[in-house]
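Residue-level structure breakdown
Now for the letters of each chain:
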Amino acid sequence: MKDSPSTITDVPNAIRLINLVKNFGVVQAVAGVNLDIVNGEFFAMLGPSGSGKTTVLRLIAGFETQDSGAVEIDGINVSNVPPFKRDVNTVFQNYALFPHMNIIENVEYGLKVKGINKNERRERAVAALERVQLRGYEKRTPSQLSGGQQQRVALARALVNEPKVLLLDEPLGALDLKLRREMQVELKELQQQIGITFVFVTHDQEEALTMANRIAVFNHGKIEQVGTPQEVYEKPSSDFVAGFVGISNLLHEKASEQILGKKGIFSIRPEKIRFGHGGDRKTSGLVKEIAFLGSFTRFSVELAHGDRLVLLKENDGSSEIDSTVGALVQISWNSKYEFQVE
């Protein structure tokens, strides 16, 4: 397992977490996390519920206080600095827009609290709305907007303060699948345009893989692995990462020794496995489950030792196989696609 800082060299840190620990009673929510997030990257904190990712985000924002360790933002230790004095803004899944204010007033609110004069805050708020493609919606109320538009208002309200870091706590979770995917693209494009650091908390592996420059995978209050989406997906460092990020196949001891000639637990991604004898690794098994997924069909094949391998076949009409549950099939893959995870 990896629980040490992973840093992109030669780029200053926007955030540094040093031996961060947070307990809630007898529960250790964050267990000695070390992490560097560099300026200008889109960083995802990914993990299941209870893994510690949201608590870490709240520690960065200052909404929670660490029991030990330190939080640095732009090289400054802010461990004991209140939230409103930290150079960050947070967007939550619940957008918390003021229902009695129109959109421009919602976006201006933070600037008004800071004492920014009326002309300047109006100019900055209009520019923020234009950035999120909501120019012309200034006089509407939150109830007159769709979920996706409300999310953009929340983004504008955070960005208008020009923070060093934007923290996003599962902000797409309330949206339907189609809109969520559209907003993934929009968020990534927005981050690239404005160039500030985004730290995005999610339990959705697709969101993390789609948007992030790098991902930290959390489990039981610790970081299991930090890397680019390709590194985390193609070369998982543990069986947990292999199983949580994407669909993973694990070959355990007996199957590994017989098929691979090696001891240990190995991971092979479904899209790397083919029907037939195309690769240098070959085995056979019984089809136990078939699921049609639109552009792909997913097959679950049970091997002689009880391990199951999932493989995906593109529905392009180029070839046919015996798709009957219970059929004996030959499968193969190339050894370069297998990685030891334990």
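Preceding this section is the structure that the text describes.
None of the values given here were measured: they were computed from a predicted structure.

1. Things to note about the packing of helix α4 (residues 147–159) against helix α5 (residues 177–194)
Look at α4 against α5: their axes get within 11 Å of each other, and the N-to-C directions meet at 20°. Judged by the angle between their axes, α4 and α5 are roughly parallel. Of the two elements, α4 crosses α5, and the hand of that crossing is right-handed. Taking contact as the criterion, the partners of G148, Q151, R152, L155 and L159 in α4 are, on α5, L179, M183, E186, L187, L190 and I194.

2. A few points about the sheet that holds strand β18 (residues 339–340)
Sheets are built from strands paired through backbone hydrogen bonds, the pairs being either parallel or antiparallel. With antiparallel pairing, three strands are arranged side by side in an open sheet as β11-β12-β18. In the strand order of this sheet, the two ends are held by β11 (249–251) and β18, each with one partner. Where strand β12 (residues 266–268) and β18 come together, two bridges link them in antiparallel fashion. Counterpart to F266 in the pairing with β18 is Q340. Helix-sheet contacts for helix α9 (residues 253–260) involve β11 and β12, and the interaxial angle to β11 is about 80°.

3. Let's talk about the pairing of strand β16 (residues 308–314)
Summarising the sheet, strand β15 (residues 296–302) and β16 pair through seven bridges and their orientation is antiparallel. When the bridges of β16 are listed, V301 appears paired with L309. In this structure, the hairpin formed by β15 and β16 is closed by a connection of five residues, where G306 is found at a positive phi of approximately 100°.

4. Points about the packing of helix α2 (residues 103–113) against helix α3 (residues 118–131)
Following both chains from N to C, one finds α2 and α3 inclined at 125°, their axes separated by 9 Å at the closest point. Here α2 is positioned oblique relative to α3, judged by the angle of their axes. Judged by the sense of rotation from one axis to the other, the crossing of α2 with α3 is right-handed. Counting all contacts with α2, which are made through I103, I104, V107, E108, L111 and K112, the residues of α3 involved are R121, R122, R124, A125, V126, A128 and L129. Looking at side-chain class alone, the contact of α2 with α3 contains eight nonpolar, no polar and five charged residues.

5. Focus on the pattern of salt bridges
Counted by the stated rule, this structure contains 17 salt bridges. With a shortest N-O distance of 2.7 Å, E182 and K178 are connected by a salt bridge. Of the two residues, E182 and K178 are both situated in helix α5; the distance of four residues between them amounts to about one turn of the helix. With a relative accessible area of 36%, E182 lands in the partly exposed category.

6. Digging into the packing of aromatic side chains
Each aromatic ring pair is characterised by the separation of its centres together with the angle its planes make. Following the criterion strictly, the structure yields six aromatic pairs and no others. Each member of the aromatic cluster is reached from another via a ring pair, and the members are F42, F198 and F200. Looking at K272, its charged tip hangs above the ring of Y337, at a distance of 4.5 Å from the centre.

7. Section: the environment of E257
Among the secondary structure elements, E257 is positioned in helix α9. The class for E257 is partly exposed, based on a relative accessible area of 42%. Not counting residues within four places of it along the chain, the set of residues in contact with E257 comprises K262 and K263.

8. Details of the sheet that holds strand β7 (residues 165–169)
Taking strand neighbours across the sheet as the criterion, the six strands line up as β6-β7-β8-β3-β9-β10 in an open arrangement whose pairing is mixed. The two strands at the open ends of the sheet, each matched to only one other strand, are β6 (88–92) and β10 (222–227). Averaged over all pairs of adjacent strands, the angle between their axes in this sheet comes to 20°, without regard to strand direction. Strand direction decides the pairing type here: strand β3 (residues 42–46) and strand β9 (residues 214–219), joined by four bridges, are parallel. The residue bridging A44 from the neighbouring strand is I215, located in β9. Here α5 sits on the sheet in contact with β3, β7 and β8 (197–202), set at roughly 160° to β8.

9. Some points on the nonpolar core
Counting residues in each nonpolar core, the largest one holds 34 residues, and the members touching the most others are V107, L155, L166, L168 and L187. Contributing elements (two or more residues each) for this core: α2, α3, α4, β7, α5 and β8. Among the elements that line this core, the one with the most residues is α4, at six residues. Contact partners of V107, with chain neighbours within four places excluded, come to A125, A128, L129, V153, A156, R157 and V160. Formed by 28 residues, the second largest nonpolar core is a distinct cluster that contains L20, I37, A216 and I223.

Calculation notes
Residue numbers run consecutively from 1 along every chain, following the written order of its sequence. With the structure being a predicted model, the display of local features is reserved for residues of pLDDT at least 70 and the display and counting of side-chain atom pairs for 80 or more, all residues being used for whole-chain, interface and lining totals. Side-chain numbers come from the whole structure's heavy atoms, not from hydrogens or water. Whenever a helix is involved, its axis is fitted only over the stretch in contact; in every case the axis is a line through C-alpha atoms, and angles between N-to-C directions fall within 0 to 180 degrees. In this description a helix means any DSSP run of H or I spanning at least four residues, a strand means any run of E spanning at least two, and both kinds are numbered starting from the N terminus. Just so you know how the angles are binned, under 35 degrees is roughly parallel, over 145 roughly antiparallel, 65 to 115 roughly perpendicular, and the rest oblique. Put simply, a crossing is left-handed when the front helix is turned counterclockwise from the back one by less than a right angle, and right-handed when it is turned clockwise. It only takes one pair of heavy atoms within 4.5 Å for two residues to be counted as in contact. Strands qualify as paired when DSSP identifies two bridges or more between them. Just so you know the grouping, Ala, Val, Leu, Ile, Met, Phe, Trp, Tyr, Cys and Pro go in nonpolar, Asp, Glu, Lys and Arg go in charged, and all remaining residues, Gly too, go in polar. Salt bridge criterion: a side-chain nitrogen from Lys or Arg within 4 Å of a carboxyl oxygen from Asp or Glu. The buried label goes to any residue with under 20% of its type's maximum accessible area, the exposed label to any with over 50%, and the partly exposed label to all in between, with areas taken from a 1.4 Å probe on protein chains only. The pairing test for Phe, Tyr and Trp rings, Trp by its six-membered ring, is centres within 6.5 Å, and the orientation test on the planes gives stacked under 30 degrees, edge-to-face over 60, and tilted for anything in between. Charges are assigned to positions over rings by a cutoff of 6 Å between ring centre and Lys NZ or Arg CZ, combined with an angular limit of 35 degrees from the ring normal. We call a set of buried residues a nonpolar core when its members are Ala, Val, Leu, Ile, Met, Phe, Trp, Tyr or Cys and they connect through side-chain atoms within 4.5 Å of each other.

Everything listed is a geometric property; what it means functionally is a separate question.
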